[in-house]
Amino acid sequence: MIKEYEENGYLVLEGFVGESELQKLREVAVQFHQSWKQGSARLYNEGAVNSAYLTAKKHLKDSERELLFKFIGSVKLMGVVSSIMGGRPAFMNTQLFFDPVNEGQRSYWHRDPQYHMSIDEQKQSLLGPNVVHFRVPLVDEPGVELVPGTHRRWDSGEELDVRLEQNGRKNYEDLSSGVNVKLNAGDLLVFDAGMIHRGIYGMGRLSLDILFCDSVPKLVKFVDDSCLPNSDMLTKLEDASAFSRAVEIKFRNRFMEAKSV
Ligand SMILES: O=C(O)CCC(=O)C(=O)O
């Protein structure tokens, strides 16, 4: 499993979540999505394909948040997270992927960090630290297209032109190096956020994506306090370590910042 992930930058574990747990996750995700759509109607109507911060208090009740925290902090999920990422993964955020309102909207190739990093920084980031997606489709979906190996190698000329829309190319054009990974409800797709990828829209998709990162301040600073469980909730989790690390590193960051003022 690890060897395959190391080589390709992604891995699928079929049927990872059983039907009864999946049903509960789906109910919570649908609840979140309805509420999010009401509050973000403009964003939704203007082309959004994902929302985030599912574990915050804004759209869900504590009992619904608890269900998400328990899934994320389960021995089963954390076992996979730790084997892929090594000893010290930290929780980063959650996202929900859905179809755009406009059926003609095209999906786009990207590396996640390209929106806040220069080209040189993007090249440097191939050496780590890592951010990894753990995506659970809540209904069968067309999946994701990935370019294997690009979590560790830089773009070919064609990939760079398409991804950055250079030399007359567009980021929705097909890439010959892309691999189509179709997913069924309950599968777990693990993939490196830095690799070249794009979603495939359709089938009324609803996909829960949990992001974990290596425990370094420059990544953990993106974690939103409101998305973390309180101390009472932490004690209810089978494996709270990824949340505890995020809390600790954020606390330490704040302490260092306060000291340096
Ligand atoms: O499913 C999608 O629309 C895109 C997925 C993606 O880009 C991501 O998870 O970073």
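If you're wondering where the values come from, they're calculated on a predicted model, not measured in any experiment. (Residues numbered from 1 in each chain as written. Predicted model: local features only at pLDDT ≥ 70, side-chain atom pairs only at ≥ 80, totals over all residues. Heavy atoms only, no water.)

(A) Layout of the side chain of Gln 114. Along the chain, Gln 114 turns up in the loop between β3 (89-98) and α6 (119-125). Here the side chain of Gln 114 touches Arg 111 through a polar contact of 2.9 Å, landing on its backbone nitrogen. In this structure the side chain of Gln 114 is engaged in a polar contact, spanning 2.9 Å, whose partner is the side chain of Arg 163. When near neighbours in sequence (up to four residues on either side) are disregarded, Gln 114 contacts Gln 122, Arg 163 and Leu 164. (Helix = DSSP H or I, 4+ residues; strand = E, 2+ residues; numbered from the N terminus. Polar contact = N/O pair within 3.5 Å; in protein donor to acceptor, adjacent residues only side chain to side chain. Contact = heavy atoms within 4.5 Å.)

(B) Inspection of the site of the ligand at higher detail. The ligand sits among Phe 97, His 110, Asp 112, His 133, Arg 135, Phe 191, His 197, Gly 199, Tyr 201, Arg 205 and Asp 209. Between an oxygen atom of the ligand and a side-chain N or O atom of His 133, the distance comes to 3.2 Å. The fraction of the free accessible surface of the ligand (290 Å²) that becomes covered by protein chains is 95%. Secondary-structure elements contributing two or more residues to the shell around the ligand are β4 (131-137) and β8 (197-199). Classifying every residue of the shell around the ligand gives three nonpolar, four polar and four charged. (Near = heavy atom within 4 Å. Areas by Shrake-Rupley, 256 points an atom, 1.4 Å probe, with all protein chains shown as cover. Nonpolar A, V, L, I, M, F, W, Y, C, P; charged D, E, K, R; others polar.)

(C) Molecular detail of the nonpolar core. In this structure, Phe 91, Phe 134, Leu 138, Leu 188, Val 190 and Phe 212 are the most contacted members of the largest nonpolar core, which totals 58 residues. Those residues in contact with Phe 91 that sit more than four places away from it in its chain are Thr 55, Ile 72, Ile 210, Leu 211, Phe 212, Val 223, Cys 227, Leu 228, Ala 242, Phe 243 and Ala 246. Formed by eight residues, the second largest nonpolar core is a distinct cluster that contains Leu 146, Val 181, Phe 191 and Met 195. (Core = buried A, V, L, I, M, F, W, Y, C linked by side-chain atoms within 4.5 Å. Buried < 20%, exposed > 50% of the residue type's maximum accessible area, 1.4 Å probe, protein only.)

(D) Summary view of the packing of aromatic side chains. Overall, the coordinates contain seven aromatic pairs when judged by the stated rule. Residues Trp 36 and Tyr 44 carry aromatic rings whose centres are separated by 6.3 Å and whose planes lie at 85° to one another, so their mutual orientation is edge-to-face. For the pair Trp 36 and Tyr 44, one class covers both residues: buried. On the numbers, 5.4 Å between centres and 85° between planes, the contact of Phe 69 with Phe 243 is edge-to-face. Taken together, the residues span a long stretch of sequence, with Phe 69 in helix α4 (residues 62-72) and Phe 243 in helix α10 (residues 241-260) at a distance of 174 residues. Residue Phe 69 shares its accessibility class with Phe 243, and that shared class is buried. Three or more aromatic residues joined by ring pairs make a cluster, and in this case those are Phe 69, Phe 91, Phe 134, Phe 212 and Phe 243. (Phe/Tyr/Trp six-rings, centres within 6.5 Å; stacked < 30°, edge-to-face > 60°.)

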